[in-house]
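Residue-level listing of the chains:
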Amino acid sequence: MKKISLRQGAERKLLNGIHLIDSKDIADQSLDNAWVEIRNVKGEFLGIGYLSQQNKGGGWVVSRQPVKIDAQFYETLFSQAWGKRQSYHDDQATTAYRLFNQDGDGLGGLSIDLYGEYSVFSWYNEFIYSQRDLIIKAFHKAIPQVKGSYEKIRFKGPDHDSRHIFGQEAPETFLILENGVSYQVFLNDGLMTGIFLDQHEVRARLVDGLASGKKVLNLFSYTAAFSVAAAMGGAAETTSVDLAKRSRELSQAHFEANGLDLVNHRLVVMDVFSYFKYAKRHDLTFDVIILDPPSFARNNKKTFSVAKDYHKLVEESLEILQAGGLIIASTNASNLSLKKFKEQIEKGFGERSHDYVALHQLPYDFQTNKKDESSNYLKVFTIRT
Ligand code: SAH
């Protein structure tokens, strides 16, 4: 195994529990895509890890002990991750959730989600992908309950972004359950699967009746999962707005899976900012507005970034929100701290009074590294006006 030494000062981060390796912290920059033994400037052992450039960071610390990374190592990792989620396995009303989450479960660069009897591996860098045969085999040996697996490529490299990799193939589309609500998923069509599992606790609040009897507006709705959860929780009406044409049929499938009539549930294919204008022109108002934009988006010549523009979504929403209504403000931007996100929201509210009634971050199945705030990327405030 190659040995690398961290620059002076960078050792502290590792000792404080940060597992992501910043390329700038490594003295020898020529090495990439390899297991490494990490040392400090004095040559003392700090841990075992690997180097590989990815979206964020240049590698991961995997163990602070001098362990051997082999099939047994991975099997133990997956068995432990499975064991931690026993309450999810026991819950008959939920059949889709995260089984393994990056460094929160001891191996950065990989996550594994369960969808009924199938799993989906997400690979975040080239090196972890090069270890896939060993990892996939170890996973299925440790968790024989999972009948088949798919993969998603979340780094630049292979020319496919999704494919079947192990065991039985899943139907092209099928239903999973979450808090007793059905959602239609697809495991082999691009990077998305029809539902974002990290929002399941927010959907649970909606199913529990947070929007019961209310008129709900769901912006950036994708497959309208929040709307379906709200509808199942007794919402009087929902309106789901997304730019993507395909969102309409996918949303419809979620509603139909639960026997919900679409008369009270509108699906609108439109730019969110155009919809604000449309709603104002038609005097439409809502009791609950859900905001869950992508971190960055471009539509025609306009760009939207959560870090700079979120306040505009709040400002516009307040113009069509009933007095005493709720705003559910969500972002999954890992580069935006909780504090900075709140500043955006505050800017949007300006002088208008409001109360923060709840904050949801990643649920328990999305195990995070508690020492690294950026790994807890999800932030969802429920705000009453
Ligand atoms: N809230 C969704 C996930 C949203 S993903 C859920 O819980 O499932 C982001 C979505 O925003 C995508 O479906 C994308 O098509 C949509 N989108 C991006 N820019 C948009 C815009 N300007 N107006 C409307 N929708 C937009």
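Residues numbered from 1 in each chain as written. Predicted model: local features only at pLDDT ≥ 70, side-chain atom pairs only at ≥ 80, totals over all residues. Heavy atoms only, no water.

## Description of the overall build of the protein chain
Move 1: Looking only at helices and strands, one finds eleven helices and 20 strands in the protein chain.
Move 2: Taken over C-alpha atoms, the radius of gyration comes to 22 Å for the protein chain, in line with the 21 Å a tight globule of 385 residues would show.
Move 3: Each principal axis of the C-alpha distribution contributes one length, and for the protein chain these read about 70 × 50 × 40 Å.
Move 4: Looking at the protein chain as a whole, 52% of its 385 residues qualify as buried.
Move 5: Excluding contacts between residues fewer than 6 apart, the proportion of contacts in the protein chain whose partners are at least 24 apart in sequence is 60%.
Move 6: Accessible surface computed for the protein chain: about 17600 Å², of which carbon and sulfur atoms make up 48%.
Move 7: Each charge class in the protein chain was averaged separately, 47 positive and 47 negative side chains, and the resulting centres sit 5 Å apart. (Helix = DSSP H or I, 4+ residues; strand = E, 2+ residues; numbered from the N terminus. Rg over C-alpha atoms; globule rule 2.2 N^0.38 Å. Buried < 20%, exposed > 50% of the residue type's maximum accessible area, 1.4 Å probe, protein only. Contact = heavy atoms within 4.5 Å. Areas by Shrake-Rupley, 256 points an atom, 1.4 Å probe, with all protein chains shown as cover. Lys, Arg positive; Asp, Glu negative; His and termini not counted. Charge placed at Lys NZ, Arg CZ, Asp CG, Glu CD.)

## Some details on helix H7 (residues 225-232)
Move 1: Among the eight residues that make up H7, seven are buried, leaving the element largely enclosed by the rest of the structure.
Move 2: Every buried residue of H7 is accounted for by Ala225, Phe226, Ser227, Val228, Ala229, Ala230 and Ala231.
Move 3: Residue Gly234 follows H7 closely and has a positive phi angle near 95°.

## Digging into the sheet that holds strand E12 (residues 215-219)
Move 1: Here seven strands make up an open sheet; going across it, the order is E14-E13-E12-E15-E18-E20-E19 and the pairing mixed. The sheet terminates laterally at strand E14 (265-269) and strand E19 (355-360), the two strands that pair on one side only. For this sheet the average axis-to-axis angle between neighbouring strands, irrespective of direction, equals 15°.
Move 2: The pairing of E19 with strand E20 (residues 379-384) spans five bridges and is antiparallel. (Pairing = 2+ DSSP bridges. Axes fitted to C-alpha atoms, helices over the stretch in contact; angles between N-to-C directions.)

## Section: the UniProt feature "domain: S-adenosylmethionine-dependent methyltransferase" (unreviewed entry) in the protein chain
Move 1: Per the UniProt record, the feature "domain: S-adenosylmethionine-dependent methyltransferase" (unreviewed entry) sits at residues 158-337.
Move 2: Measuring from the first to the last C-alpha atom of residues 158-337 gives 32 Å, for a span that is 30% helix and 32% strand. (UniProt positions renumbered as here; feature names shortened; annotations may be inferred.)

## A closer look at the UniProt feature "domain: RlmI-like PUA" (unreviewed entry) in the protein chain
Move 1: The feature "domain: RlmI-like PUA" (unreviewed entry), as given by UniProt, occupies residues 4-64 in the numbering adopted here.
Move 2: In the segment residues 4-64, helix accounts for 10% and strand for 33%; the C-alpha atoms at its two ends are 14 Å apart.

## Remarks on the sheet that holds strand E4 (residues 59-63)
Move 1: Spatially, E1-E2-E3-E4 is the arrangement adopted by the four strands of the open sheet, whose pairing is mixed. Of all the strands in the sheet, just strand E1 (2-5) and E4 have a single pairing partner and so form its edges. On average, each strand axis in the sheet is inclined to that of its neighbour by 40°, with strand direction left out of account.
Move 2: For E1 and strand E2 (residues 34-39), the ladder comprises four bridges, and the chain directions are parallel. Among the inter-strand pairings, Ser5 is bridged to a residue of E2, identified as Arg39.

## Focus on the site of the ligand
Move 1: Around the ligand lies a shell of 14 residues, among which Phe220, Asp242, Asp271, Val272 and Asp292 are the nearest.
Move 2: Note that a nitrogen atom of the ligand is positioned 3.1 Å from one of the backbone N or O atoms of Leu243.
Move 3: Between Asp271 and the ligand, the recorded distance is 3.0 Å, taken from a side-chain N or O atom to a nitrogen atom.
Move 4: Contact with the protein chains removes 87% of the 590 Å² of surface that the ligand exposes when unbound. (Near = heavy atom within 4 Å. Polar contact = N/O pair within 3.5 Å; in protein donor to acceptor, adjacent residues only side chain to side chain.)

## Describing the nonpolar core
Move 1: Formed by 38 residues in total, the largest nonpolar core has its most connected members in Tyr115, Phe174, Ile176, Tyr183, Leu187 and Leu206.
Move 2: Sorting the residues of this core by element identifies strand E7 (118-123), strand E10 (174-178), strand E11 (181-185), helix H6 (200-210), H7, strand E15 (286-291) and strand E18 (321-331) as the ones contributing at least two each.
Move 3: In this structure, this core is formed jointly by two domains, domain 2 (71-177) and domain 3 (196-384), each of which donates at least three residues.
Move 4: The contacts of Leu206, once residues within four sequence positions are left out, are Ala211, Phe226, Ala229, Ala230, Gly233, Ile290 and Ile328.
Move 5: Counting residues in hydrophobic clusters, the runner-up holds 33 residues, among them Trp82, Leu99, Phe139 and Phe155. (Core = buried A, V, L, I, M, F, W, Y, C linked by side-chain atoms within 4.5 Å. Domains from an automatic or database assignment.)

## Points about unusual backbone geometry
Move 1: Backbone geometry at Asn33 places phi at a positive 55°, although glycine is not the residue there.
Move 2: Mapped onto the fold, Asn33 is located in the loop between helix H1 (10-15) and E2.
Move 3: Notably, Phe220 is not glycine yet its phi reads approximately 60°, a positive angle.
Move 4: Relative to the helices and strands, Phe220 is located in the loop between E12 and H7.

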